[in-house]
Amino acid sequence: MLNILVCGIGGKMGANIVELLKDDGDARVACGVDLHAPENCLVPVYGSFNDIKEPVDAIIDFSSPAALAGELAFAAERGVPAVIAATGYSPEQLKDIERAAGATAIFRSANFSLGVNLLVSLAQKAAETLGESFDIEIIERHHNKKADAPSGTALMLADGINRSLAEKRPYVEGRSGIVGRRGNEIGIHAVRGGTIVGEHEVMFAGEDEIITLAHSARSKRVFAVGAIKAAKWIVGKPHGLYDMNDMLRELV
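Residues numbered from 1 in each chain as written. Predicted model: local features only at pLDDT ≥ 70, side-chain atom pairs only at ≥ 80, totals over all residues. Heavy atoms only, no water.

### Thoughts on the packing of aromatic side chains
This structure, assessed with the given rule, holds 5 aromatic pairs. Measuring from centroid to centroid gives 5.5 Å for Phe 107 and Phe 112, while their planes differ by 25 degrees, and the two rings are stacked. Under the relative-accessibility criterion, Phe 112 is labelled buried at 3%. Within the aromatic cluster, the residues linked to one another by ring pairs are Phe 62, Phe 107, Phe 112, Trp 233 and Tyr 242. Sitting over the ring of Trp 233, Lys 237 keeps its end group 4.3 Å from the ring centre. (Phe/Tyr/Trp six-rings, centres within 6.5 Å; stacked < 30°, edge-to-face > 60°. Buried < 20%, exposed > 50% of the residue type's maximum accessible area, 1.4 Å probe, protein only. Lys NZ or Arg CZ within 6 Å of the ring centre and 35° of its normal.)

In structure tokens, the structure reads:
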């Protein structure tokens, strides 16, 4: 039985992880890290990684960038693999994640949905065929409480598309104040409203035709399911930085 530490256990994604692992035969929630423990929580919840006493086999993190430093120090010191599912990290924090991967296994993805990762692959394929002559726009929609914009998944889509293009394109996030002809960029637009779980659309606009690829998540549960699969998969892996492509190649 794997012992899972849930960072951000007091949030909605943390609650999904706890609920899904209640009847799991291979893993259980051993403890959590959060500033506020959820009501009726049945496991210890700590305000700091320094206070954790329980044995931990893997970390699942759906918290925020503020928790990253303590998490990486804990993971590197104890050799515990970490599944990092939060977004909004600064360039310096992304470098910290890469450095920590030199001491333990780190699994990082902006989105743990199988469907979204398929969307990235399809967008890359479309970019190989259409990208040089088509304008590319990404539109992402999320609930009104999401902290970062554009979403990590939108950036993951843009990065994947750019890897398929012969000439890399800069990103333009919205076009407020930009006048005149559109440049050779990838446009990224964020919509925030209501309780939208997550929607991502990639539009390839050419001469007299438009091709649209899209994914809509109807529940946050899909992300929790993927993160749990990642936690089970990464236990026992050598140190290094992993993502959904690594797991899918092995599981498919």
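After that view of the structure, there is still more to cover.
### Thoughts on the side chain of Asn 162
Its place among the elements puts Asn 162 in helix H5 (residues 152-164). In this structure Asn 162 comes out as buried when scored by relative accessible area, which is 8%. A distance of 3.3 Å separates polar atoms of two side chains, one belonging to Asn 162 and the other to Tyr 171. Excluding its chain neighbours within four sequence positions, the residues that come into contact with Asn 162 are Glu 167, Lys 168, Arg 169, Tyr 171 and Ile 186. (Helix = DSSP H or I, 4+ residues; strand = E, 2+ residues; numbered from the N terminus. Polar contact = N/O pair within 3.5 Å; in protein donor to acceptor, adjacent residues only side chain to side chain. Contact = heavy atoms within 4.5 Å.)

### Re the nonpolar core
Counting residues in hydrophobic clusters, the biggest one holds 31 residues, and the most contacted among them are Ile 4, Ile 17, Ile 60, Phe 62, Val 83, Phe 107 and Phe 112. Every element with two or more residues in this core is listed here: strand E1 (2-7), helix H1 (12-21), strand E2 (27-33), strand E4 (58-61), strand E6 (105-108), helix H6 (221-234) and helix H7 (244-251). At 8 residues, H6 tops the list of elements feeding residues into this core. Core analysis: the next-biggest nonpolar cluster, separate from the first, contains 23 residues, Leu 5, Tyr 46, Leu 72 and Ala 101 among them. (Core = buried A, V, L, I, M, F, W, Y, C linked by side-chain atoms within 4.5 Å.)

### Structural notes on the sheet that holds E4
Strand order across the open sheet formed by 7 strands is E3-E2-E1-E4-E5-E6-E12, with parallel pairing between neighbours. With one partner strand each, in any of the chains shown, strand E3 (45-46) and strand E12 (240-242) form the two edges of the open sheet. Relative to strand E5 (residues 82-84), E4 runs parallel, the two sharing 3 bridges. Each residue of the ladder has a partner; that of Asp 61, found in E5, is Ile 84. Contacting E5, E6 and E12, helix H3 (residues 91-100) crosses the sheet at an angle of about 140 degrees to E6. (Pairing = 2+ DSSP bridges. Axes fitted to C-alpha atoms, helices over the stretch in contact; angles between N-to-C directions.)

### Looking at the packing of helix H4 (residues 114-130) against H5
In the contact formed by H4 and H5, the axes pass within 8 Å of each other and the chain directions differ by 35 degrees. The two elements H4 and H5 meet at a crossing, and its hand is right-handed. Taken together, the residues of H5 that come into contact with H4 (itself represented by Val 116, Asn 117, Leu 119, Val 120, Ala 123, Gln 124, Ala 127 and Glu 128) are Thr 153, Met 156, Leu 157, Gly 160, Ile 161, Arg 163 and Ser 164. A class-by-class count of the residues in the contact of H4 with H5 yields 8 nonpolar, 5 polar and 2 charged. (Left-handed = near helix turned anticlockwise from the far one by under 90°. Nonpolar A, V, L, I, M, F, W, Y, C, P; charged D, E, K, R; others polar.)

### Observations concerning the pairing of strand E7 (residues 135-142)
Most of E7 sits out of view: 6 of its 8 residues are buried. In terms of strand pairing, E7 meets strand E10 (residues 198-206) through 7 bridges, oriented antiparallel. Directly across from Ile 138, in E10, lies its bridge partner Val 202. Summarising the sheet, E7 and strand E9 (residues 186-192) pair through 7 bridges and their orientation is parallel. By the bridge assignment for E9, Ile 139 is matched with His 189.

### With respect to the pattern of salt bridges
In total, this model carries 14 salt bridges according to the counting rule given. We note a salt bridge from Glu 201 to Arg 141, for which the minimum N-O separation is 3.5 Å. Linking Glu 201 in strand E10 with Arg 141 in strand E7, this pair joins segments that are 60 residues apart in sequence. Since its relative accessible area comes to 24%, Arg 141 is described here as partly exposed. Between Glu 185 and Arg 175 there is a salt bridge whose closest N-O contact spans 2.8 Å. Pair noted here: Glu 185 is in the loop between strand E8 (171-173) and E9 and Arg 175 is in the loop between E8 and E9, with a separation of 10 residues, a long-range link. Glu 185 sits in the buried class, given a relative accessible area of 8%. Taking relative accessible area as the criterion, Arg 175 reaches 28% and is therefore assigned partly exposed. Counted as one network, the salt bridges with shared partners bring together Asp 135, Glu 137, Arg 175, Arg 182 and Glu 185. (Salt bridge = Lys/Arg side-chain N within 4 Å of Asp/Glu carboxyl O.)

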